[in-house]
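# A look at the structure
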Amino acid sequence: MNTELHEKAVKGRNIRIEGMELFHDFGGRRPAFFAMNFASRLSGSLVDAGEGYVMTKNERGYQLILMNCTTINPYFSVKDAFLSKLNEEVYVCIDGIEEGEYQIRKHTFDQEHGALYAKWNLLNSRHGLDEEMIDAINRESYPSLEVFDEVIQGTWSFYSYLTMNAIHFFDIRKAVQPIL
């Protein structure tokens, strides 16, 4: 369901802000879309889970999701000083990973990488949005991707800085040696 359909269903009355629509007006993807996308990409057997994280093991290696889930009144969401207190730096230390070389793909979804409203606010003006601006917002509102190599010898540790409601999805793939 998208926001536009939701608004039509309630005949123009204000919709509840905590809706789980997957799409915003004009086809933009909402946070629930990306959260469900990450969840659908998890595969293999559960290694560990707790508040703010899930880790699985599969035939390619491991997957780790880190989350900083926060519920706040959206009217406070424009107060940067208030929001910065909701960010957290997490120290991750994982024991028991099979030794070897890994290619790590880190997908980041947060206010800067994937959220519509940051882009919406940058391109909006008092004269409103047009089709070109909306297309740019939808095109640029995706999680980021970083790729790096890591040699793991039993333990892997790192820091991850999660802003409010951020999701970091790590796909930790055992490196495949090229065939010569």
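For the structure itself, consult the block above.
Described in the following lines is the structure provided in the data block.

Criteria and cut-off values
- Residues numbered from 1 in each chain as written.
- Predicted model: local features only at pLDDT ≥ 70, side-chain atom pairs only at ≥ 80, totals over all residues.
- Heavy atoms only, no water.
- Buried < 20%, exposed > 50% of the residue type's maximum accessible area, 1.4 Å probe, protein only.
- Helix = DSSP H or I, 4+ residues; strand = E, 2+ residues; numbered from the N terminus.
- Pairing = 2+ DSSP bridges.
- Contact = heavy atoms within 4.5 Å.
- Phe/Tyr/Trp six-rings, centres within 6.5 Å; stacked < 30°, edge-to-face > 60°.
- Lys NZ or Arg CZ within 6 Å of the ring centre and 35° of its normal.

The element strand β8 (residues 167–174) is largely enclosed, with a buried count of seven among its eight residues. As paired elements, strand β3 (residues 61–67) and β8 share seven bridges and run antiparallel to each other. In the strand pairing of β8, Ile 65 is matched with Phe 169. Relative to β8, strand β5 (residues 100–109) is paired through eight bridges, and the arrangement is antiparallel. Residue pairing for β8: Gln 103 is matched across the bridge by Arg 173.

On the secondary structure map, Gln 63 appears in strand β3. In contact with Gln 63, other than residues within four places in its own chain, are Arg 41, Leu 42, Ser 43, Val 54, Met 55, Thr 56, Asn 58, Phe 169, Phe 170 and Asp 171.

Evaluated as defined, the whole model comprises five aromatic pairs. Geometrically, the ring pair formed by Tyr 62 and Tyr 102 is tilted, given 6.4 Å between the ring centres and 50° between the ring planes. Placement of Tyr 62 in strand β3 and of Tyr 102 in strand β5 is noted, with a sequence separation of 40 residues between them. Taking relative accessible area as the criterion, Tyr 102 reaches 1% and is therefore assigned buried. When the centroid spacing of 6.2 Å and the interplanar angle of 80° are considered together, the rings of Trp 156 and Phe 170 count as edge-to-face. Of this pair, Trp 156 sits in strand β7 (residues 155–162) while Phe 170 sits in strand β8; the two residues are 14 residues apart in sequence, bridging distant segments of the chain. For the pair shown, Trp 156 and Phe 170 are each scored as buried. Ring pairing ties together the aromatic residues Trp 156, Phe 158 and Phe 170, which thus form one cluster. The ring centre of Phe 169 lies 5.1 Å from the NZ or CZ of Arg 41, which sits over that ring.

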